[in-house]
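Structural overview for review
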Amino acid sequence: MTKSDLIEVVAGKLQIPKGKAEQIVNCIFDSMEESLRRGQRIEIRGFGSFEIRRYKAYEGRNPRTGDPVGVQPKKLPFFKVGKELKERVNAALQHNQSAQRNSGDGLTRPAPSGTSTSPRSKRPRTEASSSSVGSSS
Amino acid sequence: MTKADIIESVYERVGGYSKKEAADIVEAVFDTLKATLEAGEKIKLSGFGNFVVRDKKARVGRNPQTGEEITISARRVLTFKPSQVLKHALNS
């Protein structure tokens, strides 16, 4: 599922214009990015939390040539999956296994109980997709 | 930042919705994400990152307290890979 799929699903679910859904989805991830940029962690119950982890400088190597390269200290976002989602993701596996594994990749089954995932495809990449997010500054 | 803060920012920046509506919409977005991941499908959010569901094989681990060997069962886990754009934004 891409961002434009997400926008379509949300627009369909709530019967709101796609343009609005796009603004909202962008707004959500923009504000999350801003929060992380301020160094502030994000906690979304039932989903998970994001925090900034700081890494020290170290000497790495160019994997192709083996040459040593200095790696600067850096900050990376770290996502920790929440309990509910962790269990739901894993439960789906246990389910599929006991029911019947295989059938293609076995991974793209829609969620049970009417929570429709994306009606993917149709327009794999809308103009709505992604032009703006997270770019500037 | 919590979900309430996200709702607040949607309410302020995207016009036309009450707080209650903004809350319902934000809820719907996360519900959609969760249902998709539960179904084993990955999510690619350009400019932010990808959420990927991965299958782990069973492996032998050790109880760190007792040193006892135990089998860690096969499981499905969720990982997040931040996009280059996000990584860049955090380090500039």
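Shown above is the structure to which this text applies.
Residues numbered from 1 in each chain as written. Chains lettered and ligands numbered in written order. Predicted model: local features only at pLDDT ≥ 70, side-chain atom pairs only at ≥ 80, totals over all residues. Heavy atoms only, no water.

1. Details of the overall build of chain B
Scanning chain B for helices and strands turns up three helices and five strands. Ordered by position from N to C terminus, the α and β elements of chain B give α-α-β-β-β-β-β-α. Here the C-alpha radius of gyration of chain B, 19 Å, is well above what a compact globule of 92 residues would show, namely 12 Å. Here chain B holds 92 residues, and 43% of them are scored as buried. Across chain B, every contact between residues at least 6 apart in sequence was considered, and the portion connecting residues at least 24 apart equals 33%. (Helix = DSSP H or I, 4+ residues; strand = E, 2+ residues; numbered from the N terminus. Rg over C-alpha atoms; globule rule 2.2 N^0.38 Å. Buried < 20%, exposed > 50% of the residue type's maximum accessible area, 1.4 Å probe, protein only. Contact = heavy atoms within 4.5 Å.)

2. Things to note about the nonpolar core
Counting 45 residues, the largest nonpolar core has Met 32, Phe 47 and Phe 50 of chain A together with Phe 51 of chain B as its most contacted members. Sorting elements by how many residues they give to this core places helix H2 (residues 18-37) of chain A first, with eight residues. With residues near it in sequence (within four places) discarded, Phe 47 of chain A still touches Phe 79, Val 81, Gly 82 and Leu 85 of chain A together with Phe 30, Leu 33, Lys 34, Leu 37 and Phe 51 of chain B. (Core = buried A, V, L, I, M, F, W, Y, C linked by side-chain atoms within 4.5 Å.)

3. Examining H2 of chain A
The end-to-end C-alpha distance of H2 of chain A is 28 Å, a good match for the 28 Å that 20 residues give at a rise of 1.5 Å each. Looking one or two places after H2 of chain A, you find Gly 39 of chain A, whose phi comes out positive at around 80°. (Expected span 1.5 Å × (residues − 1).)

4. Looking at the sheet that holds strand E2 (residues 49-56) of chain B
Consider a sheet: its strands pair through backbone hydrogen bonds, and that pairing is either parallel or antiparallel. Residues and elements named next belong to chain B. Here three strands make up an open sheet; going across it, the order is E1-E2-E5 and the pairing antiparallel. Two strands in the sheet have a free side with no partner beyond their single neighbour: strand E1 (43-45) and strand E5 (75-82). Across the sheet, the mean angle from the axis of one strand to that of its neighbour is 25°, orientation sign disregarded. (Pairing = 2+ DSSP bridges. Axes fitted to C-alpha atoms, helices over the stretch in contact; angles between N-to-C directions.)

5. Structural notes on the sheet that holds strand E1 (residues 42-44) of chain A
Residues and elements named next belong to chain A. The strand order E1-E2-E5 describes an open sheet built from three strands, whose pairing is antiparallel. Each of the sheet's edge strands pairs with one partner strand only, and the pair in question is E1 and strand E5 (74-81). Averaged over all neighbouring strand pairs, the angle between strand axes comes to 25°, with direction disregarded. Inspection of the sheet shows E1 paired to strand E2 (residues 48-55) by three bridges, in the antiparallel sense.

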